[in-house]
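Chain by chain, the residues:
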Amino acid sequence: MTPPNLPPDERIGSPAASRPPPPPDSFSLMAAPSFANLTVLSHPLIQHKLTILRDRRTSTRDFKQLVNEIAMLMAYEVTKDLALEPVEIETPLEKASGRQVAGKKLTLVPILRAGLGMVEGISQLIPSARVGHIGLYRDHDTLRPVDYYFKIPSGEQDRAFFVLDPMLATGGSAVAAVGALKRAGAQRVRFLCLVAAPEGVRAMLDAHPDVPVYAAALDRELNAKGYILPGLGDAGDRLFGTR
Ligand code: PRP
Ligand code: URA
């Protein structure tokens, strides 16, 4: 069935978010109508785990595990339109035709540090995935990204890239990371995050309208320090226990 759209006033943290939940059979992909590039993955398991993740009492150990589990569940949805190609194999009994994912190995690109937390979960689902790395941190005063590392596998033009970062706040880091990938030759890029702010989704839409953004939640807004509200705090610090 066609899932209902998620109205802007049902962003997490909005007063209207306390409305009764949608009917049980409507859980599926929900496209937020105000952002053509955004898909909110509202699977009940993703939402359940995200709620525990947001809780300030959640330990570093559980936080790490939950980020990986959510990333794995998201990957299942985000890969569902990957192209397949026919392949001939032999079962123990006879020759048979099968199908395999077409093209070069899919490439995960975590934005350091916090994006690292999403790699293992997705790799469990896609063990052959290659992994590139982009090092960026957000300057605390200017909120602008500062880059310090870039390494991705060759064959950029033919690869599908999944850029990973739990948080899409101002969007500065995501815009810079995708820009760097494109300058290196990447043509097929998707961005996966756990929590997105409207400001970040807008920034991605303006800078990279060809890049689909997948999130577990679209939150209400940014605070004066560029943190997502209600958000989950500093993802890198909570993941690595560096608070
Ligand atoms: C966080 C987060 C994103 C970025 C999002 O990283 O993991 O990369 O901030 O903010 P933006 O959308 O406003 O750019 P941070 O800069 O804290 O670095 P860290 O992962 O090394 O802690
Ligand atoms: N980076 C984070 O880790 N959390 C936010 O809320 C915003 C940026």
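Look up: the structure comes first, before these words.
Heads up: these notes are all about the structure in this document.

Turning to its location among the elements, Gly117 is positioned in the loop between strand E5 (107-112) and helix H3 (119-125). In sequence terms Gly117 and Pro166 are 49 residues apart; their C-alpha atoms lie 8.1 Å from each other. Here Gly117 is in contact with Val67, Asn68 and Leu239, once residues within four sequence places are set aside.

For the rest of this paragraph, the subject is the packing of aromatic side chains. The final tally for this structure, using the stated rule, is one aromatic pair. For the pair Tyr137 and Tyr148, a centre-to-centre distance of 6.2 Å together with 35° between the ring planes defines the contact as tilted. Residue Tyr137 is found in strand E7 (residues 133-138), and its partner Tyr148 is found in strand E8 (residues 145-151); the two are separated by eleven residues along the sequence. The exposure class assigned to Tyr137 is partly exposed, which follows from its relative accessible area of 45%. It is Arg138 that lies over the ring of Tyr227; its NZ or CZ is 5.7 Å from the centre.

On the surface, a cluster of nonpolar side chains totalling about 350 Å² of accessible area is made up of Tyr137, Tyr148 and Tyr149. We classify Tyr148 as partly exposed; its relative accessible area is 45%.

The next subject is the site of ligand 2. For ligand 2, the full set of nearby residues is Arg138, Met167, Ala169, Gly226, Tyr227, Ile228, Gly233, Asp234 and Ala235. At 2.8 Å from an oxygen atom of ligand 2 is found a main-chain nitrogen or oxygen belonging to Ile228. One nitrogen or oxygen atom from the main chain of Ala235 is found 2.8 Å from an oxygen atom belonging to ligand 2. When isolated, ligand 2 has an accessible area of 240 Å², and the protein chains bury 88% of it. Among the residues forming the shell around ligand 2, the class breakdown is five nonpolar, two polar and two charged.

Under the definition given, this model contains eleven salt bridges. Ionic pairing is found between Lys80 and Glu77, a salt bridge with its closest N-O pair at 3.2 Å. Classification of Lys80 by relative accessible area gives exposed; the value is 56%. Residue Arg113 is joined to Asp237 by a salt bridge in which the shortest nitrogen-to-oxygen separation is 3.2 Å. Of this pair, Arg113 sits in the loop between E5 and H3 while Asp237 sits in helix H6 (residues 235-240), and the two are 124 residues apart along the sequence. Relative accessible area serves as the criterion here: at 34%, Arg113 is assigned to the partly exposed category.

This part is about the pairing of strand E12 (residues 213-218). A large share of E12 lies buried, amounting to six of its six residues. In this sheet, E12 lies alongside strand E11 (residues 188-196) in parallel orientation, the contact comprising five bridges. Bridge assignment links Phe191 to a residue of E12, and that residue is Val213. Traced from E11 through helix H5 (residues 198-207) to E12, the parallel crossover comes out right-handed.

The environment of ligand 1 is formed by 14 residues, the closest being Arg138, Asp165, Thr170, Gly171 and Ser173. Asp165 places a polar side-chain atom, nitrogen or oxygen, 2.4 Å from an oxygen atom of ligand 1. The contact in question runs from an oxygen atom of ligand 1 to an N or O atom on the side chain of Thr170, over 2.5 Å. In isolation ligand 1 exposes 500 Å². Once the protein is present, 90% of that is buried. Going through the elements one at a time, E7, strand E10 (167-168) and helix H4 (172-183) are the ones with two or more residues in the shell around ligand 1.

Reading guide: rules and limits
Residues numbered from 1 in each chain as written. Chains lettered and ligands numbered in written order. Predicted model: local features only at pLDDT ≥ 70, side-chain atom pairs only at ≥ 80, totals over all residues. Heavy atoms only, no water. Helix = DSSP H or I, 4+ residues; strand = E, 2+ residues; numbered from the N terminus. Contact = heavy atoms within 4.5 Å. Phe/Tyr/Trp six-rings, centres within 6.5 Å; stacked < 30°, edge-to-face > 60°. Buried < 20%, exposed > 50% of the residue type's maximum accessible area, 1.4 Å probe, protein only. Lys NZ or Arg CZ within 6 Å of the ring centre and 35° of its normal. Patch = residues over 30% accessible without salt bridge, like charges linked within 9 Å, V, L, I, M, F, W, Y side chains within 5 Å. Areas by Shrake-Rupley, 256 points an atom, 1.4 Å probe, with all protein chains shown as cover. Salt bridge = Lys/Arg side-chain N within 4 Å of Asp/Glu carboxyl O. Near = heavy atom within 4 Å. Polar contact = N/O pair within 3.5 Å; in protein donor to acceptor, adjacent residues only side chain to side chain. Nonpolar A, V, L, I, M, F, W, Y, C, P; charged D, E, K, R; others polar. Pairing = 2+ DSSP bridges. Right-handed = clockwise from strand over helix to strand, strands pointing away.

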